[in-house]
Amino acid sequence: QADPALRRAAVLAAAIDQAVASMKFAGDCQSNNDDGSEDQRFWRGMALNSLGLDEFERQDQAASLACFEEAIKLQPTNPTPLMNYAHVLAESGQPEQALAELAKRIDQYEDNARLREKQAMLLLETGDDEQCVAVLEKLLADGHRSDEALLILVGVQMKNERYEPALAVVDKYLQGGPSQQ
């Protein structure tokens, strides 16, 4: 009798293969670019992203990462699969690899503010306070309104005994009104 984990991995691999393989067939009324229609790609990407989250909850990081990689390919403008991919890498003890993946792909997303926040958190986690501050200051200067980003930035400034810059950031942020969260 096969190991249950191996059986589950085989079922997952088959599910991923089936979802990706089905993209090859666009209907007669659709353009066939060997990737299916944009709508098909979007929903397959959503399904793989969801499956990746399920696999992460089951603590199968390899399967989770495989799902997110496929979702990233299918949804090149949706930052959520990349965010989840970076999160799984970081939670698996690989924050440097998560940073490398974000750095490699972050600029392909028009709306990358959440990815930049994640990047800043990972920079903080890896001990790169200066780069963390630089990312957050640019994010806030570009008009991003996030209490979490503000708290991280102020925390790093305070930790490094940069009290005046921390107070200046808070003052400027408060002048902008409440965040959009």
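As a reminder, the structure under discussion sits directly above these lines.
This write-up is about the structure you can find in this document. (Residues numbered from 1 in each chain as written. Predicted model: local features only at pLDDT ≥ 70, side-chain atom pairs only at ≥ 80, totals over all residues. Heavy atoms only, no water.)

Let us look at the overall build of the chain. Of regular secondary structure, the chain possesses 9 helices and 0 strands. Counted from the first residue to the last, the chain has its helices and strands arranged as α-α-α-α-α-α-α-α-α. In the chain, buried positions account for 41% of the 181 residues. Sequence-distant contacts in the chain: of pairs separated by 6 or more residues, those separated by 24 or more amount to 51%. (Helix = DSSP H or I, 4+ residues; strand = E, 2+ residues; numbered from the N terminus. Buried < 20%, exposed > 50% of the residue type's maximum accessible area, 1.4 Å probe, protein only. Contact = heavy atoms within 4.5 Å.)

What follows deals with the layout of surface pockets. By volume, the largest pocket is sized at about 190 Å³. If you trace the largest pocket, you find it lined by Glu137, Leu140, Ala141, Gly143, His144, Arg145, Leu153, Val169, Lys172 and Tyr173. Mapped onto the lining of the largest pocket, the elements with two or more residues apiece are helix 7 (129-141) and helix 9 (163-175). (1 Å grid on protein atoms, 1.4 Å probe; cavity = no way out; pocket = protein on both sides within 12 Å on 5 of 7 lines; lining within 4 Å. Points joined across faces, edges and corners; volume = space filled by probe spheres on them.)

In this section: the packing of aromatic side chains. For the structure on display, the rule yields 1 aromatic pair. Plain terms: the ring middles of Phe42 and Trp43 are 4.8 Å apart, the flat faces sit at 85° to each other, and that makes the pair edge-to-face. Under the relative-accessibility criterion, Trp43 is labelled exposed at 52%. In this structure, Arg105 packs its charged tip against the face of Tyr85, placed 5.7 Å from the ring centre. (Phe/Tyr/Trp six-rings, centres within 6.5 Å; stacked < 30°, edge-to-face > 60°. Lys NZ or Arg CZ within 6 Å of the ring centre and 35° of its normal.)

On to the nonpolar core, then. Side chains of a nonpolar character, in soluble globular proteins, are inclined to be buried together. One finds Leu82, Tyr85, Leu115, Cys132 and Leu136 to be the most contacted residues of the largest nonpolar core, which totals 35 residues. Broken down by element, the residue count for this core peaks at 7 residues, all from helix 4 (residues 80-91). When residues no more than four places from it in sequence are discounted, the contact partners of Leu136 are Ala120, Ala149, Ile152 and Leu153. (Core = buried A, V, L, I, M, F, W, Y, C linked by side-chain atoms within 4.5 Å.)

Here we come to helix 2 (residues 38-57). The end-to-end C-alpha separation of helix 2 is 29 Å, in line with the 28 Å expected for 20 residues at 1.5 Å each. If you check which residues of helix 2 are buried, you get Gln40, Arg41, Arg44, Gly45, Leu48, Asn49, Gly52 and Glu55. The arc enclosing the buried residues of helix 2, seen along the axis, measures out at 165°, which places them on a common side. Those residues of helix 2 that are exposed and angled more than 90 degrees off the buried face are Asp39, Trp43 and Glu57. Just downstream of helix 2, Gln59 is the residue with a positive phi angle, here 65°. (Expected span 1.5 Å × (residues − 1). Arc of directions from axis to C-beta.)

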